[in-house]
Structure formats: structure tokens, C-alpha cells
Amino acid sequence: MFEATQNVMLKPTESWRETLLDHRVMDLFFTVHRKIREDSDMAQDSLQCLAQLASMHGPIFPDESAQVTYLAHLVEGLLNMINGIEIEDSEAVGISNIISNLISTFPRSVLTALPNELFASFINCLTLLTCSFGRSAALEEVLDKDDMVYMEAYDKLLESWLTLVQEDEHFPRGCFVQPAVQVFNSYIQCHLAAPDGTRNLTANGVASHEEEEINELQEDDRELFSDQLASIGMLGRIAADHCIPLLTGLLEDRVTRLHGQLQRHQQHLMASADPGTVDRKVLDDLYEDIHWLILVSGYLLADDPQGETPLIPSEVMEYSIKHSTEVDINTTLQLLGSPGEKATSIPGCNRTDSVIRLLSAVLRTSEVESRATRASLTELLSPQMGKDIVWFLRRWAKTYLLVDEKLYGQISIPLSTAFGADTEGAQWIVGYLLEKVINNLSVWSSEPELANDTVELLVTLVEKRERANIVVQCENWWNLAKQFASRSPPLHMLSSTVQRTLMKALVLGGFAHMDSDTKQQYWAEVLHPLQQRFLNLINQENFAQICQEEAVKQEIVATLEALCGIAEATQIDNVASLFSFLMDFLSSCIGLMEVYRNSPETVNLIIEVFVEVAHKQICYLGETKSMKLYEVCLTLLQVYSKNNLGRKRLDVAAEEDQYQDLLLIMELLTNLLSKEFIDFSDTDEVFRGQEQSSGAGRAVSAADVVLYGVNIVLPLMSQDLLKFPSLCNQYYKLITFICEIFPEKIPQLPEELFKSLMCSLELGMTSMSSEISQLCLEALSPLAEQCAKTQEKDTPLFIATRHFLKLVFDMLVLQKHNTEMTVAAGEALYTLVCLHQAEYSELVETLLSNQRDAVIYQRLADAFNSLTASSTPPTMDRKQKVAFLKSLEEFVANRVCTRSATVLQTRVKLALFLCLEFVSYCLNTSCNGIVHWSGSVIMSDSEDDVPQLSAATLAALQEFYAESGRTGLEQNSIKTDKFCVGAVEEDWGMSQFWYSEDTAIRLAEEVMQQAGEHGRIACISAPSVYQKLKQLESTRSDSVSAVLLEFDRRFAAYGEEFVFYDYNNPLCLPEDLLPQSFDIVIADPPYLSEECLSKVALTIKYLTKDKILLCTGAIMEELTGKLMDLKMCSFLPKHNHNLANEFRCYVNYESSLLS
């Protein structure tokens, strides 16, 4: 199948212009695909080529006119390819990638310059494909397919629509309305049950999921399909005149039917008193319909409000304004305020605002749910529907409730009248939502996800002061606060997470506008009982004896959760009050660390309190307050350290949650460091009227706390611990922060900790994800700058930076890396070059001296000269650094380490001519005729004749032979020469580094000896060993057979002994490679990563009878032992080009390599 990760953008240089702007080239690829599309593997390759052609950009286009011409031909070819065919599963993602690249790459001005008819045809095709892929994606879900290719393709096309409609001002007005209607209707139909929709219909005799499976999936729909829903919501806004009334009508219909069904079930239950006799099929279909209608409505009416001030979408506002003259305001308010009545029963309901009516439909759903709970029908309700309702209301309230007219150029009168500040509508709906929250917490306390969504709605109501001012005037709010503070049922039954968020909401509400007496009374009812109960408990004389009792532990845990909630409620205008309140608790919490040191859950919760206080408050604290927090955090760390003396680094069988305390400690240290980056403190304002000091004579600083914590963390971290993603990410974030903020402290670390830190940085750079590698690179620059400041050249840090220079140099110049890391790697390289200029020059000279191709040598020399073109030696000067980074970007973009651009272009030319010959020959043999390609390709008239290459193709072939040099197997070499190590050149982009002659011989002789007479040897990603085995065959009497498993298809020249091998699919092997069919397996995994080695290990263990010889980095020693029980050898393998990482051999048998 086509994989999206294969989608590579194409940015050729001007030298490709004549070749790639020739329309015949594009036509060739379309023709080839039509010929081979039924072969899924070949179709994948051809679609990849077309996707790259659709992404082509850069200097290859001389002007915009050339782009328009190219794009027009591309679109025409795409339409011709798609029209009239039934798209195969294997083509769906490839075609969607072509369209996605086309839309995202070409400027809007180029798209709009296409001929009108062609552009309209393209949009129509995109519409039909989107609807078709959407239906097929829904069918994939019904059939529970493993490979969701249509779902992936559908997501891709929806992203393309989102790109188009977000910039619709560039296109003719209204050109996307009808397409949006079609895609929106198709989506709704796929998610509704019959007769309005097609959801859950049987297909080809295969029934849909069981209902319980569907319900389980629904729990994650908001996250699983968030991108889809965002795109559908945007399309719904584009066609608001159609989509908003459609959603309203469908939802009102479902709610009416739901109400009727519940009434009938109530009557049935009253008659039979046996809930088991109720048929839920109709109810379940209604619930799922309502589920999707509410989700789509929420995404249509509002955007995700995270991070920015939520605004009513302009399309929705314009739609409401456009129809405001047809709206009766009073009727609209009556409709809004009557959720217990059917909308159609209200006179004049058709003259109401459609946006408000859609909200009212959700409120009617909520009202049906509430009435059902009051009628003791809760067991017939769907918790999922309850979650959907409060999710929608929260999303809606953030955007519409107390709408600020100053933020809009134009405002809808119905919306401002219903939801604006100081309106009866706003007060009514705040009261309604608060009542909904209280009812949910009472009825659904046993449903933690629904309860959590409910308290998040409550937080939304009070997180803005204007909304909180209305909330605190409600009697229900005060009743809720009293009930929670007294731990009365059913609130005390809520989960700890929900109680934490509820406390956050109650604290936020306390900062609403109230007179001083009222506010004092409020805090006395909310916070004072918490403090009093806690102090009374821990100050009891027998606390040490009763502390492990379940009731006491529950009270402690509830208090700690409440403290976390209080910290989470911190805002700039309440930080002074909350900091003082929390500081009174923190010292007591440290005492609890001793009491509950054998209770990991409680210890973790205690640390979490400190984490939340630091996270939410440190950025607002002035120097004095920060010092107090540093002091108490240092004490916490000291107690934690004492309680963890002698702790083992890792239990191999342990789960990640067993190291939650370590993760929290690292989070705490990171949060304390964040003040160096984010500091909003204004002591005079935030802590006005509180005692200040200059900070003179302070005892504890952030550096003291963090470095003390590092002394705890570093000894506990190991390579095995770093396999846990959250621990790994937090650890590298922490050490990067430390290196950036306190680089002068790193050389002061104890020797073993310093070595551990340096090893961690190297491991992160070479064996972790690109995100971790980037963090490590960011840590190197400040360390190198620190060395430059001190000018001390014999320190461990200075020596370590010299080692990192080679690592970074190899990463940028020799190895394949994520281009997003180029900037971080470039900055690290520049600072390291400034520090070690002689070593850098030596690296360059070594690289150049190893180049036997004169063309490559010259291009590399020119590239390095331009990289350091300045006449003065590099220094830490900013201007020099910027110039270096700019030159480096060009250097990396045009990297030519493996072959010259001339040879590459010649190969492409040859490939094109050969493709032309192939297509022409296929057409000729199938049509009994002669096919000419502008006279350059000439085939025989007879089908029986052996096809002959044209003169043009022969010329291209001769040019290829003349210029290819050593890029592949020599054309005229004798049989034994083709097995020379180096007969196929290293491709560093594929992480290929051939062994030296001595090493290849030693390893080949070792595996021959271990395989024995007539033995079988498998060489996995070790072609130089395979080559040496073939050379040694003629010199030895004992015969062995060898197979090469290799990703590089250049080695296919070795015939049947070559097996294509991709470690990403470790067991995707030919049928004739039977399990345990090789006497020994030698492997050299291409990458130093846990993922690569783990997958290669699966292949090794599948093929070998017993013996394994593995060649990989020294840093993988621990993992090789764990995966395959291998031991490191004394023998040191060497390469023709020195590697940055120490390389070793590992075996699982007695071998001379060990000694």
C-alpha cells in the first residue's frame, strides 16, 4: 500500500528545467500508471512519482506563467487518469497525495489562473472523490479492516478542502458552496442510521460491528476524528444556508423521537417492571445519530478555543446578520428559553435565528436527558450523549456566552440580544448551565469521563471574570460550594481528578466581583474547612498510628487533590492570595513524605502538588516569593533523596507508571527552570501590600535546587529507562534547559555524573527520535560557548565538545537526518567549529581525501569553501553565525556526497528514455502497430523481432557509462571483480559504510568457520561481508552458500542470492527463506536506534538455527543482550570511512572474536 510517509516534496534546481518541464515526461508517468495500476506494488511507485511531480516548486520554474502551464497539464493528466476508472484500494492514498501536494504547493494565484472550465472540472473531481472515499472509509469501519487506506485518503482530501476554503477570498465568490454541500451531506449520511443515512448497513453480507464495540469507539470520536470534524465544520460554514438548518432539523427530529421512545419505555417498564425486556436497538441508533449531529454542530458553530480568544466564526456571524431582518427577536428568545417544549409547537418558530435554534436543539436534548433522570430512566440513557452535550455547551459557552461586541466589526442583533453582556438571555442560560452541572454531578458521579467533562464546563463558566460575576449570584453555586467543602454525598463519590477540577472551579469563582463581607464568607465556606480538617488530622497525637487507616489516607488524598486544584486555578490577579494559602500547606506536605514513604501513590501526589504550584505560580513570583518556593522544593528533594538511597536503576519488567515519581521530580525541576524563560512577575503589582525584601543574603537559588535534583536524577536514569517515552522526553527537556540556563554549572558536576550527562546527550543525538536529537543539539551550543568563555582547553567539557564536533559534522554531512534539525545542528556545529577550528579542518580534509571521484571531490571542496567563505576565522560573532547558517542551509540542500549532480541527471535521462521504450513497446505489441514518440523512439514493425533501442536511448546509455564512474557495479568487470568490497559505492544517505578489507575478510572467515561444510549463511544489511564470502569461495575447499538481505536494490545484480529486505517489515520474507534455515546469521543494522535493532532482531531470530554475529554501535550493548543474549567481542571492526560512534561485534557462541 502507498504510505503517506513516503510523500517527499520535490525542489529541483534550474538544471532540471529542460527535462522536467517537458510535458512528455509527465505524460509518460500518467501513461505508465495506467498500464501498471493493477499491480499494487508498481502502482505505488508510479503514484509516488506523480505525487512528487505535483509537489514540484522552486527555481525550476522561471516565472508564474510556467507554473500555470505546468499545473494545467498536471490537472488535465490527473483528470484523464481518474475519469472512467474504478479506483483500486492501493491507489486511494496515492491519488489523495497528488491532490494534496498540488493544492498545498502551488500558490493561490496559480490555481486561480487555470482556465475556468479546467478549474471547475478539478473541483468537481475533488468533490466526487471526497464523497466516494468518505463512503469507502465508513465501509472500512463497518468491515473492521486493519488497513484503513480509504480513511487515510479521505483525511488527506479533507485537509485539502480545509486549505482551499480557508483562503477562499482568492477564488470566485461562492465557487465552493455547492461542493461543500455535497461533501457535508455525504458525511452526515455516512454517520446517520437508515433511512436518512447509511451507517451500519450490511455490506457484501458482512454485518456491522456489535453495538458494544461501536459504543466503545464512540468514547474517543472527538479525538480520533477531530481533524475530520474540523474540516467538515468549516465546509458547513461555507454552506451555512444549507448546513445549519439541515443540522437543526435532523437534531430536532432525533430529539423528538428520543423523547417518544423514552416515554414508551417508561410505560413498558411500569407495566412489566423488568428492564431486561426493553429493546434498546432503536434507542442506540438514536443515541449514535445524536452523537454525530452534536459533534458536527459543535465544530460548525465554534473553533477549538485553546490558546486564543475564541471568536464566533465570521461565516456564522455573517449568516446570522444576513437573515436578521427575517428574525423575530421575542420568538427567538422564547424558543431559547423553552427547552422543554417542541420547537415546532412555538408559534412563529420559523422566524427565529437559525444559529440560536441549533443551540436550542442541543438544549432540548439536554432537557430530555434531565427529565429522564428525574423519571428514574437513567439506565436507559447514554453516558456518551451526556458527554456530547456538556462538550458542546462548553465549546459554545467559550465563544458565544457574553459575546464581546468590541471584538467584531459587525455583530448579529439576535446573538447580542440573546447572549450579550447584561442581557436576560445570558443570565438565564448561565443559570441553566449551572443547574445542568449540578444535576450531572449528582446523577453521573459513577461515570468519571462524563463527570470530568461536566466540571470542565463549570470551569468555563467561571474562568472569565464577567461570566463568574453572574455565576456567583446564583443560589445553586453557593449550595454546590458548601456541599463540596463539607464532603457531602454524592460529591465525595467523584473521582479524584474530578474533585481536583471542581476545586479549581470553586476557587476561580471566589475571585468574581463580590463585596468584602461576601467574599470573606465565601472563602470561609470553601477553603477554611479544607485547612481546618487537614490541620486537625495531622496534628493528632496518634497520627503516626492511624495514618495508614483507609479513611485517613482518603482524607489526605482528597486534601492533596484539592491543593492541586487550587494551584491550577492560579491567574495573575489571584496569585498573591493563593500562593500564601498554599505555602502554609507545603511544609506539612513534606512531613507527609516521611509518613507515606512506602505508599508510592501518595508520595507521587505530594510531589504533584509541588509540581503544580511551580508550574502555575513561578512565573508570577518576585524574587522573595521565588526564594521561598525554592527553599521548600529543595527540602522536598532532600527528603525524596534520603528515601530513595540505594534505589536500583531499573527493573527490566517494570512498567512506566512505577517511575512516576521520577517523572514528577523532573517536571518539578523543569518548571522551576521555566522562570528563566517566562517571567511575568511585577512585585509591586502582584504582591502589593505584602512585605518585600531585596533578596540580599538569600540562601537558595533556582540553580541550587535544580542541580541538587540533577544529582538525584542522573544516577537513576539508564538507557532502559529512556525507552519509556514520557520519561525520555522529560529527561531530555530537563537536561537541555539546564545546559541552556546554567552552562557554567555543568563542568562542576561530579565526574561520574558529568560522564553520564555527556553519554545521555550522545545517545539522544544518535539513537533517539528527531525531537530528542534536536533537544540535544540545542544543549551543545551553550556548552561550547561556555568553553569559549573560559578558554580552558584541558577540561573534560572541552574534550567532550571535540567529540561532539565529529558527531554533528557526520550528522550534517554524511548521514540522513530530518531537515527540521538543520538549524539546531547548524548552530551547534558553528559554535563547535569556533572552539575546535583545527579539528574541523582535519575532518574536512579527511572527508575529501577519501573521495576517489574527481567530480565529487571538487563539488565537496567548493561546498566547504563556500560554507566558511569568510576571510577571518569563525568567532562567536552573531553576524558570522547567521552567514554560516545561511550557507549551511544551501550546503545541506545541495549535498552531493554520494554522487555528482551530473551523473544523477544522466541517470534520470537514461531512465526516461528506457521508460519511453518500454511504454512504446507495450503499446506496439498490444496494438500491432508502430508507436513513435516525436521520432526519438523507434521500434520494430514486427512483434516477433527483438526490440532494439533507439539512437537517442543508446546515446543516453553511452553517456551514462561514460559518467557513472564507480556509482554501481562496473560494466565490464570480470566475474570475481564485481564482488570487490566497494564495487557498489557507499550511499551514506542509506547509512551505508563498508568495512575495511581486513575486517571484511575476518568476518567472512568467521561466519564460514561457524557455518561449517555446506553451511548456509544469511547476511542482513552486511553486503561487504557477502561480497567477501563470494570472493573466498574460489580459494577454499569447504563450500558454503550465502544470501544477502539488503534494502539497496543495486545489489539485485547478484541475482537469486539477493533478497530485498526492509527492516520496517522484519518478517516480510520470501517463502523459500524458511524459519531456522541458516546455520549463522550476520547482521549490521543500518541505524543505531532501539526500533531498528528490535526489528532486525526479529528477522535474525526467525532465520538462524542458533548462531548470531551482530555488528553495531557500542552504545547498543545493553539492548543486544536483552534482545538476543549477545556478548560484546574484543575484536574491533573497522570501516573504510571512520564512524563517529564506536563500533563493536557481538556473538552468542564461543568465538575467537571474543578474545
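Structure: see above.
Residues numbered from 1 in each chain as written. Predicted model: local features only at pLDDT ≥ 70, side-chain atom pairs only at ≥ 80, totals over all residues. Heavy atoms only, no water.

Which residues make up the sheet that holds strand β2 (residues 1041-1046), and what values go with them?
What the 7 strands build is an open sheet, ordered β3-β2-β1-β4-β5-β7-β6; its pairing is mixed. Each edge of the sheet is formed by a strand with only one pairing partner; in this case those strands are β3 (1058-1060) and β6 (1127-1128). Contacting β1 (1016-1020), β2 and β4 (1078-1083), helix α46 (residues 1023-1033) runs over the sheet at an angle of about 155° to β2. On top of the sheet, helix α48 (residues 1117-1124) reaches β5 (1104-1113), β6 and β7 (1143-1147); it is set at about 165° to β5, its chief contact. (Pairing = 2+ DSSP bridges. Helix = DSSP H or I, 4+ residues; strand = E, 2+ residues; numbered from the N terminus. Contact = heavy atoms within 4.5 Å. Axes fitted to C-alpha atoms, helices over the stretch in contact; angles between N-to-C directions.)

Lay out the pattern of salt bridges with the relevant residues and their values.
Under the criterion given, the structure shown has 41 salt bridges. D285 is paired through a salt bridge with R199; the nearest N and O atoms lie 3.6 Å apart. Separated by 86 residues along the polypeptide, D285 in helix α14 (residues 281-301) and R199 in the loop between α9 (177-191) and α10 (211-218) bring together distant segments of the chain. Note on accessibility: D285 and R199 belong to one class, buried. Notably, a salt bridge pairs E1033 with K1030, separated by 3.1 Å at the nearest N-O pair. Of the two residues, E1033 and K1030 both sit in helix α46, 3 residues apart, roughly one turn of that helix. Given a relative accessible area of 33%, E1033 falls into the partly exposed group. When its relative accessible area of 13% is taken as the criterion, K1030 is described as buried. (Salt bridge = Lys/Arg side-chain N within 4 Å of Asp/Glu carboxyl O. Buried < 20%, exposed > 50% of the residue type's maximum accessible area, 1.4 Å probe, protein only.)

Any chance you could break down the side chain of Q617 for me, citing the residues and the numbers?
Position of Q617 among the secondary structure elements: in helix α30 (residues 600-617). Its relative accessible area of 0% is what places Q617 among the buried residues. Within the structure, the side chain of Q617 is placed 3.1 Å from the side chain of T570, a separation counted as a polar contact. Not counting the four nearest positions on each side in its chain, Q617 is found in contact with T570, V575, L578, F579 and L582. (Polar contact = N/O pair within 3.5 Å; in protein donor to acceptor, adjacent residues only side chain to side chain.)

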